[in-house]
Amino acid sequence: MEMNASYTSLVAVGDSFTEGMSDLLPDGSYRGWADLLAARLAARTPGFRYANLAVRGKLIGQIVDEQVPPAAAMSPDVITLVGGLNDTLRPKVDMGRVRALFEEAVERLAPACDRLVLMRSPGRNGPVMKRFRPRMEELFDLVDELAARHGAVVVDLYGAPVLGDPRMWDVDRLHLTPEGHRRVAEAVWQALGLPAAEDWRAELPPAVPDRWPARRLGDARFARQHLAPWVVRRVTGRSSGDGRPAKRPELLPYDAPYDAPGASREAAS
């Protein structure tokens with residue numbers, strides 16, 4: 001990997017993780033690690049272009065059908081691909097099909113860019129993680145295999161204990177906090193051969209355990225506000241991304257304000 005490399009364009013492909021949930025902005029939109037990364041790249045490269053095709057709730061088959069063709073046609077310097085985790089969270093999933101579709105995505109995207117970035121996605125420590133860990137690790141083994149075959153970069157977020165810390169996750173327990181997204185942006189930045197601004201793997205201070213009533217109240221609120229709607233969508237075959245357009249569908253100059261890493265860090269407690 002060339003150190004202090006230069007990149008002129010980025011296309012991000014994926015689901016809610018890449019769309020930026022739950023890094024909420026004042027206007028109600030989501031920012032996320034890909035926007036943060038694009039802003040940093042744009043700050044060092046005049047005319048830098050960025051597209052984000054990610055849509056929340058998308059399965060790997062939908063990503064292959066809807067996002068991979070336009071991403072490949074854009075021929076950017078960098079493409080990031082994160083997908084398949086929504087499939088692994090389904091009660092019933094054909095992992096053979098998931099692997100085949102993910103492989104198809106990589107085979108189509110790798111020749112279309114100078115640098116393809118894949119990820120071993122993070123997961124929140126807890127009972128849900130324990131249940132679906134084997135499926136996730138099966139997918140991550142494929143990520144490593146395909147990266148070696150196609151010369152892609154792998155960002156190992158799964159292997160960073162700090163990103164499993166529940167304090168890095170929003171109240172829905174499915175999406176990273178702004179601090180989590182900021183660390184992911186730094187991780188990808190470093191994986192692209194750019195100079196480190198900080199240690200994105202640094203552990204949080206020791207946690208102060210919540211009292212039992214607070215934990216039960218939090219569990220009840222989570223079940224009512226997030227788990228129940230998620231279950232209803234699974235039962236009815238709907239998705240949170242149905243009818244939603246890509247976040248940033250065209251590869252255009254990006255001039256969003258750039259905050260230096262750590263400058264506006266959310267306190268994790």
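These figures come from a predicted structure and were not determined experimentally. (Residues numbered from 1 in each chain as written. Predicted model: local features only at pLDDT ≥ 70, side-chain atom pairs only at ≥ 80, totals over all residues. Heavy atoms only, no water.)

Undergrad: If you had to explain helix α7 (residues 178-191) to someone new, which residues and values would you point to?
TA: One turn of the α-helix equals 3.6 residues, which is why residues spaced by three or four share an orientation. The terminal C-alpha atoms of α7 lie 20 Å apart, and with 14 residues this matches the ideal 20 Å at 1.5 Å per residue to within 8%. Within α7, 11 of the 14 residues are buried, which leaves it mostly tucked inside the rest of the structure. Here α7 has its buried residues at Glu179, Gly180, His181, Arg182, Arg183, Val184, Ala185, Glu186, Ala187, Val188 and Trp189. Buried residues belonging to α7 abut α1 (16-19), α2 (33-44), β4 (115-120) and β5 (153-156). Count one or two residues on from α7 and you reach glycine 193, which has phi positive near 85°. (Helix = DSSP H or I, 4+ residues; strand = E, 2+ residues; numbered from the N terminus. Expected span 1.5 Å × (residues − 1). Buried < 20%, exposed > 50% of the residue type's maximum accessible area, 1.4 Å probe, protein only. Contact = heavy atoms within 4.5 Å.)

Undergrad: Outline the packing of α2 against α7, supporting the account with residue identities and numerical values.
TA: Running from amino to carboxyl end, α2 crosses α7 at an angle of 50°, the nearest separation of the two axes being 8 Å. Viewed along their axes, α2 and α7 adopt a mutual orientation that is oblique. The way α2 lies across α7 gives a crossing that is right-handed. Contacts between α2 and α7 pair Trp33, Leu36, Leu37, Arg40, Leu41 and Arg44 from the former with His181, Arg182, Val184, Ala185, Glu186, Val188 and Trp189 from the latter. (Axes fitted to C-alpha atoms, helices over the stretch in contact; angles between N-to-C directions. Parallel < 35°, antiparallel > 145°, perpendicular 65-115°, else oblique. Left-handed = near helix turned anticlockwise from the far one by under 90°.)

Undergrad: Requested: an account of the confidence of the model for the protein chain, with residues and values cited.
TA: On average, residues of the protein chain carry a pLDDT of 88, and 82% of them reach 70 or more. In the predicted structure, residues 263-269 sits below a pLDDT of 50 and forms 10 contacts with residues beyond four places in sequence or in another chain. (pLDDT = per-residue confidence, 0-100.)

Undergrad: So what about the environment of alanine 34? Which residues, and what values?
TA: Counting through the fold element by element, alanine 34 comes out in helix α2. Each C-alpha atom, one on alanine 34 and one on valine 188, is 9.0 Å from the other, the two residues being 154 residues apart in sequence. Beyond its immediate stretch of four places on either side in the chain, alanine 34 contacts Leu10, Ala12, Thr18, Tyr50 and Asn52.

Undergrad: Residue-level account of the sheet that holds β5, with values.
TA: Strand order across the open sheet formed by six strands is β5-β4-β3-β1-β2-β6, with mixed pairing between neighbours. Since the sheet does not close on itself, it has two edges, and those belong to β5 and β6 (248-253), each with one partner. Strand-to-strand, the axes of this sheet are offset by a mean angle of 15°, without reference to chain direction. Strand direction decides the pairing type here: strand β2 (residues 49-52) and β6, joined by three bridges, are antiparallel. Within the sheet, the bridge partner assigned to arginine 49 lies in β6 and is proline 253. (Pairing = 2+ DSSP bridges.)

Undergrad: I'd love a proper account of the pairing of strand β1 (residues 9-13), names of residues and values included.
TA: Of all five residues in β1, five are buried, a share of seventy percent or more. Every second residue of β1 is oriented toward a common face, with Ser9, Val11 and Val13 on one face and Leu10 and Ala12 on the other, all of them buried. Taken together, the four bridges between β1 and β2 define a ladder with parallel strand orientation. Along β2, the bridge assignment pairs alanine 12 with asparagine 52. Sheet topology places β1 next to strand β3 (residues 78-81); four bridges connect them, and they run parallel. When the bridges of β3 are listed, alanine 12 appears paired with threonine 80.

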